[in-house]
Amino acid sequence: MSDVRVAGTGLTPFGNTPDRTGRDLFAEATIAAFEDSGVPREDVDAVFYGNFMGELAEHQGHQGPLMAEAAGVRAPATRYESACASAGTAVRDAVLQLRNGEIDVALVGGAERMTNLGTAGATEALAIAADDLWEVRAGATFPGAYALMARAYFEEYGGDRTDLAHVAVKNHENALTNEKAQYQSEISVDDVLEAPLVSEPLGLYDSCPLSDGAAALVLTSQEYADEHDLDAPVAITGSGQGGDRMALHGRAHLARTPAAREAGAEAYVDAGIEPSDVDLAEVHDCFTIAEVLALEALDLEPIGEGISAARDGRTTANGETPVNLSGGLKAKGHPVGATGASQIAEVAKLLSRDHPNSEHVEDARIGLAHNAGGTVASATVHVLEVTR
Amino acid sequence: MSDDVRDGGFDEWLDAAEEGEAYYLECPAEHGSLPPRRVCPTCGSTDLEEQPFPETGEIETYTVTHVPTPAFEQDAPYATAVADFGPLRITGQVVGITPENVEVGLEVELEVTVSETTGERVVGFWPV
Ligand SMILES: [Zn+2]
């Protein structure tokens, strides 16, 4: 089985650019990724593209071929939609096809245009990641669903809003050096606690922003990389995907995310590593509680202890296992369909010492990317390793 | 979707619930679930029977939402909860009590309410 190499990465700035179309954003990300990779566009065998709310935000379906065109690529193209895990599932399919020898070069990525919808429109659009009949019509919003999980977590394991605030503070701190991040501003625990409430116990600063942006990756087979002498020190060595019941109320547990646990377990076995081998991780922190749940599901923290990881410094830049050195969704931004690919890009850059925060992880060789959809009814996990 | 088209299964369930005849679906292994559904999501059984919805449930977790979707604009702030009714859980809006008095463990019964914003029917929980 062939290794999958990360040959090039490209990100647009994440932020508030309501007048930029998805195709413009994705084109920018792909130009950067192709330049970074040295791979010619005509060598691309297939395009794997993540997007969630294109119909609502841009009145645009069938985005696969549109985005291949925007990237200047003539190849079969498919859009992946798994809510916020859209690009994670796109990456996973690309990895599987590259490994199987079906293809040698994949253009993978995603884009989302959100801010043109405004807060109410985007809140409505994001809510469709939940069960329309039984959750959305009961008034559940996307932050509301995570708030239900946060309260359930507090009830079962303890912890409070101050613990969660430390997650937000950490991720803002990490974004200070990330020029592509939506927020490059420090915040304090008090700022988080005093921010307006969105859905109790979550406030504005517990939540990722609405973001526009795109991410692109050029992935190749080991054989292609060797043949073309590519400078691609990082490989994707593990991939996993998990699923769960759509509605939160249908789950076995309201304060755990079994889909992420399954995805993580599969990715660890696939890569032949243990959770303790992970040197750094990008996890899906759409809300502060989401980072806590991810750490526990991935066995980076014991169940019930993830809540204190940021507060006690275990996941800060200089901690044992830095988490979300990019700033995470919280501070870097969360253009939904781009997020999973952007996480892989950040981990690859961190591991290849090509990231402003690489100085914090000089000896890192193994990184993890965790991408979750909805209240984690979908999850993908990828393991990246420096193998050269 | 046209306004006069009903969501088969869901709207019928709301009709029944308004009459005080809410039900849930049960498979032979006694897994509970909500309609519309042809297959037990837990075990795959296609042998589902309607059972009367349990009289009371208990709030397992809740949130008070201040930033709603447009469909609940005039309802905010409102409490949404997941309540445990034994054979199954269900999500609903807590009514008949001010949001700040909602708490985990609160005993509730199911009763259909309406959105102040749209007049649409909403699964509601009333304190017993
Ligand atoms: Zn069953």
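Quick caveat, the model's predicted, so the values are computed rather than measured.

**A word on the UniProt feature "domain: Thiolase C-terminal" (unreviewed entry) in chain A**
Item 1. UniProt annotation of "domain: Thiolase C-terminal" (unreviewed entry) refers to residues 240–385 of chain A when read in the numbering used here.
Item 2. Spanning residues 240–385 of chain A, this segment combines 29% helix with 16% strand, and its end C-alpha atoms are found 15 Å apart.

**Some details on the interface of chain B and chain A**
Item 1. At the interface, 32 residues of chain B touch 31 residues of chain A.
Item 2. Both faces considered, chain B and chain A share a buried interface measuring about 2700 Å² in area, 61% of it formed by carbon and sulfur atoms.
Item 3. Note that aspartate 7 of chain B and arginine 137 of chain A form a salt bridge whose closest N and O atoms lie 2.6 Å from each other.
Item 4. For the interface between chain B and chain A, the tally reads 17 residue pairs in polar contact (both at pLDDT 80 or more).
Item 5. Mapped onto the side of chain B that touches chain A, the elements with two or more residues apiece are α1 (10–18), β4 (57–65), β5 (78–84) and β6 (89–94) of chain B.
Item 6. At six residues, β4 of chain B tops the list of elements feeding residues into the side of chain B that touches chain A.
Item 7. Residues that form the side of chain B that touches chain A fall into these classes: 19 nonpolar, 10 polar and three charged.

**Description of the coordination of the zinc ion**
Residues and elements named next belong to chain B.
Item 1. Surrounding the zinc ion are the protein donor atoms Cys27 (SG), His31 (ND1), Cys40 (SG) and Cys43 (SG), at 2.1 to 2.3 Å.
Item 2. Since its relative accessible area comes to 2%, cysteine 40 is described here as buried.
Item 3. Classification of cysteine 43 by relative accessible area gives partly exposed; the value is 42%.

**A few points about the sheet that holds strand β3 (residues 49–52) of chain B**
Residue and element names in this part refer to chain B.
Item 1. In spatial order, the strands read β2-β1-β3; together these three strands make up an open sheet with antiparallel pairing. Strands at the two margins of the open sheet, each flanked by one partner only, are β2 (32–33) and β3.
Item 2. Where strand β1 (residues 23–26) meets β2, two bridges bridge the pair, whose relative direction is antiparallel. Pairing of glutamate 26 across the sheet is with glycine 32, part of β2.

**Looking at the packing of aromatic side chains**
Item 1. With the rule as written, the count across this model stands at 13 aromatic pairs over all chains.
Item 2. Aromatic side chains tryptophan 134 of chain A and phenylalanine 10 of chain B sit 4.9 Å apart centroid to centroid with 85° between the ring planes, which places their arrangement in the edge-to-face category. Pair noted here: tryptophan 134 of chain A is in the loop between α5 (118–127) and α6 (142–157) and phenylalanine 10 of chain B is in helix α1, and the two residues belong to different chains.
Item 3. For tryptophan 134 of chain A, a relative accessible area of 4% corresponds to the buried category.
Item 4. What links up through ring pairs into an aromatic cluster is the set Trp134 of chain A together with Phe10, Trp13, Tyr24, Phe53, Phe85 and Phe125 of chain B.

**Considering the nonpolar core**
Across soluble globular proteins, you tend to see nonpolar side chains buried next to one another.
All names here are of chain A.
Item 1. Counting residues in each nonpolar core, the largest one holds 60 residues, and the members touching the most others are Tyr146, Tyr153, Leu202, Cys286, Ile289, Leu300 and Leu368.
Item 2. Listing elements by their share of this core, those giving two or more residues are α5, α6, α7 (161–175), α10 (258–271), α11 (288–297), β10 (366–373) and β11 (378–386).
Item 3. If you tally residues by element for this core, the top one is α6, at nine residues.
Item 4. Setting aside anything within four residues of it in sequence, one finds isoleucine 289 in contact with Tyr146, Ala150, Tyr153, Leu164 and Leu202.
Item 5. Among the nonpolar cores identified, the runner-up in size contains 37 residues, and Val4, Ala46, Leu280 and Leu351 belong to it.

**As for helix α1 (residues 22–37) of chain A**
All names here are of chain A.
Item 1. The end-to-end C-alpha distance of α1, which contains 16 residues, comes to 22 Å, matching closely the 22 Å that a straight helix rising 1.5 Å per residue would cover.
Item 2. Within the sequence span of α1, burial applies to Gly22, Leu25, Phe26, Ala27, Ala29, Thr30, Ala33, Phe34 and Ser37.
Item 3. Considering only its buried residues, α1 is in contact with β1 (4–11), β2 (46–50), α2 (54–58), α3 (63–70), β4 (105–112) and β7 (213–221).
Item 4. One or two residues past the end of α1 sits glycine 38, with phi positive at roughly 75°.

**Focus: the sheet that holds β1 of chain A**
Backbone-to-backbone hydrogen bonds pair the strands of a sheet. The strands run either parallel or antiparallel.
Residue and element names in this part refer to chain A.
Item 1. Strand order in the open sheet formed by nine strands is β3-β2-β4-β7-β1-β8-β11-β10-β9, with mixed pairing between adjacent strands. Because the sheet does not close on itself, it has two edges, and the strands there are β3 (77–80) and β9 (280–282). The sheet shows a mean angle of 25° between the axes of neighbouring strands, taken without regard to direction.
Item 2. With seven bridges connecting them, β1 and β7 associate as antiparallel partners. Bridge pairing in β7 links glycine 10 to alanine 216.
Item 3. Across the face of the sheet, α3 comes into contact with β2 and β3 while running at roughly 120° to β3.
Item 4. Contacts from helix α4 (residues 86–99) reach β1, β2, β3, β4, β7, β8 (234–243), β10 and β11, with the element oriented near 120° to β8.

Basis of the calculations
- Residues numbered from 1 in each chain as written.
- Chains lettered and ligands numbered in written order.
- Predicted model: local features only at pLDDT ≥ 70, side-chain atom pairs only at ≥ 80, totals over all residues.
- Heavy atoms only, no water.
- UniProt positions renumbered as here; feature names shortened; annotations may be inferred.
- Helix = DSSP H or I, 4+ residues; strand = E, 2+ residues; numbered from the N terminus.
- Contact = heavy atoms within 4.5 Å.
- Buried area = accessible area lost by both parts, 1.4 Å probe.
- Salt bridge = Lys/Arg side-chain N within 4 Å of Asp/Glu carboxyl O.
- Polar contact = N/O pair within 3.5 Å; in protein donor to acceptor, adjacent residues only side chain to side chain.
- Nonpolar A, V, L, I, M, F, W, Y, C, P; charged D, E, K, R; others polar.
- Donors = N, O, S within 2.8 Å, 3.2 Å for Na, K, Ca; no water.
- Buried < 20%, exposed > 50% of the residue type's maximum accessible area, 1.4 Å probe, protein only.
- Pairing = 2+ DSSP bridges.
- Phe/Tyr/Trp six-rings, centres within 6.5 Å; stacked < 30°, edge-to-face > 60°.
- Core = buried A, V, L, I, M, F, W, Y, C linked by side-chain atoms within 4.5 Å.
- Expected span 1.5 Å × (residues − 1).
- Axes fitted to C-alpha atoms, helices over the stretch in contact; angles between N-to-C directions.

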